[in-house]
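# Fold and contact review
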Amino acid sequence: MPHKPFKAVIPAAGLGTRFLPATKAMPKEMLPVVDKPAIQYVVEEATAAGIQDVLIIIGRNKNNIANHFDSMPELETKLREKGDHDKLAKVEHSSDLADVHMVRQGEPKGLGHAVLRARSHVGDHPFAVLLGDDLIDERDPLLEKMMAEYDKRGATIIALMEVDPAQIHLYGVAAVEPTEDDGVVKVTQLVEKPKAEDAPSNLAIIGRYVLGPDVFDILERTEPGKGGEIQLTDALEELATGGGDGGGVYGVVFRGRRYDTGDRVDYIKAIVQLAADRDDLGPALRPWFKEFAQGL
Ligand code: G1P
């Protein structure tokens with residue numbers, strides 16, 4: 001029997017301490033990347049993959065996120081009166097994008113705990129988890145491929161990417177075996193943020209997961225792990241090594257453009273790369289970047 005449509009879950013309840021004071025009264029997911037908040041890219045990625053139902057797990061300062069995906073009648077009327085159709089379309093776009101729902105995490109007890117908060121909304125649908133620190137270039141679709149693999153294999157699917165060994169301790173890391181498909185691997189082990197010398201490979205989990213509802217039962221009993229937090233990686237490790245009744249865990253190896261916005265340096269790099277690539281901003285920026293770099 002075909003399964004129910006995919007939903008999307010976007011955890012956005014972190015404290016964002018690396019960006020203080022910008023994140024004192026605003027969630028880090030609302031930080032602008034060029035001219036859109038980071039979380040809008042992620043919602044757009046889900047809708048581009050055909051997902052309409054989006055649940056955002058919110059923490060403090062939730063109103064900014066809720067308002068962003070809601071309509072703004074006053075602003076819309078003003079722009080309509082001025083005949084500024086371009087800006088009006090931009091304002092309306094974020095409220096028309098998807099059916100956006102919110103649930104609160106309360107205490108931030110880890111990514112696994114945040115995902116568990118989605119249980120009653122997700123019900124028995126399969127779902128994608130998208131983390132806002134990783135932005136995937138819309139020209140290199142990843143989520144569609146992951147959803148297709150979920151359907152094909154009846155298994156949990158995670159996105160993996162080769163990273164520099166010096167960075168591996170920042171990620172969940174997978175031990176893998178090849179499959180008949182060049183871009184897909186079977187995951188045999190998962191470790192959350194290992195030391196470089198203990199990492200089973202240089203394949204890191206980037207923040208995209210396609211999961212079945214069976215993961216919730218596992219998350220319910222997952223004990224706090226790395227950093228004293230309930231880790232999604234630990235629940236998936238149980239699925240990969242034979243727990244649960246799913247078909248194991250597979251990784252889609254991503255070789256496209258990914259922008260990390262998790263710390264300040266990477267966030268600035270992401271803005272520079274995305275702006276330089278845009279038709280409306282690139283022509284003015286690219287010559288200036290060259291000049292600026294020569295002066296360094
Ligand atoms: C989370 C996950 C980690 C994953 C990473 C991807 O860590 O726990 O397994 O590799 O996202 O961005 P965080 O970056 O939230 O500490």
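Refer to the preceding data block for the structure.
Conventions adopted
- Residues numbered from 1 in each chain as written.
- Predicted model: local features only at pLDDT ≥ 70, side-chain atom pairs only at ≥ 80, totals over all residues.
- Heavy atoms only, no water.
- Buried < 20%, exposed > 50% of the residue type's maximum accessible area, 1.4 Å probe, protein only.
- Helix = DSSP H or I, 4+ residues; strand = E, 2+ residues; numbered from the N terminus.
- Pairing = 2+ DSSP bridges.
- Near = heavy atom within 4 Å.
- Polar contact = N/O pair within 3.5 Å; in protein donor to acceptor, adjacent residues only side chain to side chain.
- Areas by Shrake-Rupley, 256 points an atom, 1.4 Å probe, with all protein chains shown as cover.
- 1 Å grid on protein atoms, 1.4 Å probe; cavity = no way out; pocket = protein on both sides within 12 Å on 5 of 7 lines; lining within 4 Å.
- Sits in = over half its atoms within 2 Å of the grid points.
- Nonpolar A, V, L, I, M, F, W, Y, C, P; charged D, E, K, R; others polar.
- Salt bridge = Lys/Arg side-chain N within 4 Å of Asp/Glu carboxyl O.

Take the pairing of strand β1 (residues 7-12) next. Most of β1 is tucked away, with six of its six residues classed as buried. The side-chain alternation of β1 yields two buried faces, one formed by Lys7, Val9 and Pro11 and the other by Ala8, Ile10 and Ala12. In terms of strand pairing, β1 meets strand β6 (residues 127-130) through three bridges, oriented parallel. If you follow Lys7 over to β6, its bridge partner there is Phe127. Examined bridge by bridge, β1 and strand β4 (residues 53-58) share five bridges and lie parallel to one another.

In the region of the ligand, the neighbouring residues are Leu111, Leu131, Asp134, Tyr171, Gly172, Glu192, Lys193, Ile205, Gly207, Tyr209, Gln231 and Thr233. Note that an oxygen atom of the ligand is positioned 3.2 Å from one of the side-chain N or O atoms of Thr233. Contact with the protein chains hides 79% of the accessible area of the ligand, taken as 380 Å² for the molecule alone. In a pocket analysis with a 2 Å cut-off to the grid points, the ligand is assigned to the largest pocket. Examining the composition of the shell around the ligand, we find that three residues originate from one element, strand β11 (residues 203-211), more than from any other. Split into classes, the residues belonging to the shell around the ligand amount to five nonpolar, four polar and three charged.

With that out of the way, let us pick up the pattern of salt bridges. Summed over the entire model, instances satisfying the criterion amount to 23 salt bridges. Among the salt bridges present, the one from Arg139 reaches Asp137, with a minimum N-O distance of 2.7 Å. With a shortest N-O distance of 2.9 Å, Asp140 and Arg257 are connected by a salt bridge. On the criterion of sequence distance, the pair formed by Asp140 in the loop between β7 (134-136) and α7 (143-153) and Arg257 in the loop between β12 (249-253) and β13 (258-260) is long-range, its members being 117 residues apart. Classification of Arg257 as partly exposed rests on a relative accessible area of 35%. Here the salt bridges share partners, and the residues they tie into one network are Lys145, Glu149, Arg153, Glu180 and Asp181.

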